Amino acid sequence: MQTFSRKLVTIITEAVLEKELIATLEKLGVSGYTITEARGKGHRGVRNTGWEHGANIRVEVVCADPLARTIASHLKEHYYDNYAMILFMSDVEVLRPEKFTSGGGATP
Amino acid sequence: MQTFSRKLVTIITEAVLEKELIATLEKLGVSGYTITEARGKGHRGVRNTGWEHGANIRVEVVCADPLARTIASHLKEHYYDNYAMILFMSDVEVLRPEKFTSGGGATP
Amino acid sequence: MQTFSRKLVTIITEAVLEKELIATLEKLGVSGYTITEARGKGHRGVRNTGWEHGANIRVEVVCADPLARTIASHLKEHYYDNYAMILFMSDVEVLRPEKFTSGGGATP
């Protein structure tokens, strides 16, 4: 069974940012994503002092490496300073790369 | 502290498929799994045109590499064409391999 | 774009253990974490025979490698025998290591 390397990008941020974040991801070329509800505690952006334990979302995108880096770079530049957001990337194997290649997508 | 290598298999699919998917995983030898509710957008199987943003589940199994590949291969063959499903695998380290070896399991 | 290596520690355990687990993680130096609700099936600790399909939580911490190993080791020693708990670690890349270094944290 042949597998292909892709990146899993996981973004955890304030739930209120969902609509804008999804629009941003789609503009960057993401065609699929998965969202789960989350909560937690962590470092906060300057606007988020009231969000100590607020509602978060956990967004996953599986995509080719260059798009993953574009997403990471764009979100860092536009959101890290002002929003509670963390992002991490990891290597994953997939079976059908055409499901992910042209913009990723971590949901069927 | 000694750690052991296992595979984390993450499956994201339509919530309506849960019962059948779990039965399939157990038949393949999986003894444990974790389910979280999710939602998202992505490529769709032919039966799922009505599920553009429908309820999804995110199923995780930690298991030995061969079982991970068996799961991936089986799900690809039986579900990828007709259901909204993506699957990705990644390397993880665990402390107590006996919790996972004979069929994996991503929940206590 | 420069990235930095960190560990993602994922802990899946009984929901009733949440408060104690979070206190333990904070005592070990964790400054941020993400919690999602989960359910599942798996190996059970001796106190959990009634939890065959009970409520679980999935806790994520992103931190430097030594802290990840401290967490894993401590939880194994203190909880594995008596609670339904699994833990796995994986490698992730992050952009702003200062968000995670001194105790990790998988939520903004």
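Rules used in this analysis
- Per chain, the residues get numbers from 1 upward, laid out in the order the sequence is written.
- The naming scheme follows written order: chains are lettered A onward, ligands numbered 1 onward.
- For a predicted model such as this one, the threshold for reporting local features is a pLDDT of at least 70, and the threshold for listing and counting side-chain atom pairs is 80 or more; totals across whole chains, interfaces and linings nevertheless cover every residue.
- A run of H or I in DSSP counts as a helix once it spans at least four residues, and a run of E counts as a strand once it spans at least two, with each numbered from the N terminus.
- Any residue whose C-beta has 12 or fewer other C-beta atoms within 10 Å is treated as exposed, any with 20 or more as buried, and any in between as partly exposed, C-beta atoms being built from the backbone.
- Any pair of residues counts as being in contact when their C-beta atoms, constructed from backbone geometry, are within 7 Å of one another.
- When the copies are superposed, the least-squares fit takes in the C-alpha atoms of residues with a pLDDT of at least 70 in both.
- A pair of strands counts as paired when DSSP detects no fewer than two bridges linking them.

1. A look at the overall build of chain A
Then, in step 1: The secondary structure content of chain A amounts to 2 helices and 4 strands.
Then, in step 2: For chain A, the sequential pattern of α-helices and β-strands runs β-α-β-β-α-β.
Then, in step 3: Looking at chain A as a whole, 49% of its 108 residues are labelled buried.
Then, in step 4: Restricting to contacts in chain A with at least 6 residues of sequence separation, those with at least 24 account for 83%.

2. Describing the relation of the copies chain C and chain B
Then, in step 1: Superposing chain C onto chain B requires a rotation of 120 degrees together with a translation of 0.0 Å along the rotation axis, leaving an RMSD of 0.0 Å. The operation mapping one copy onto its partner corresponds to a three-fold rotation axis.
Then, in step 2: Here only 8% of the contact residues of chain C are again contact residues in chain B; the copies associate through non-equivalent surfaces.

3. Digging into the relation of the copies chain B and chain A
Then, in step 1: Under the fitted operation, chain B is carried onto chain A by 0.0 Å of movement along the axis and a turn of 120 degrees, and the coordinates agree to an RMSD of 0.0 Å.
Then, in step 2: When the interface residues of chain B are mapped onto chain A, a mere 7% of them are again interface residues, pointing to distinct binding faces.

4. Side note on the interface of chain B and chain A
Then, in step 1: Tallying the contact residues gives 27 residues for chain B and 21 residues for chain A.
Then, in step 2: Every element with two or more residues in the side of chain B that touches chain A is listed here: strand 1 (4–14), strand 2 (33–41), strand 3 (55–63), helix 2 (65–79) and strand 4 (85–94) of chain B.
Then, in step 3: Bridge count for strand 2 (residues 33–41) of chain A against strand 2 of chain B is 3 bridges, and the pairing is antiparallel. Looking at the pairing, Thr34(A) lines up with Gly40(B) of strand 2 of chain B.

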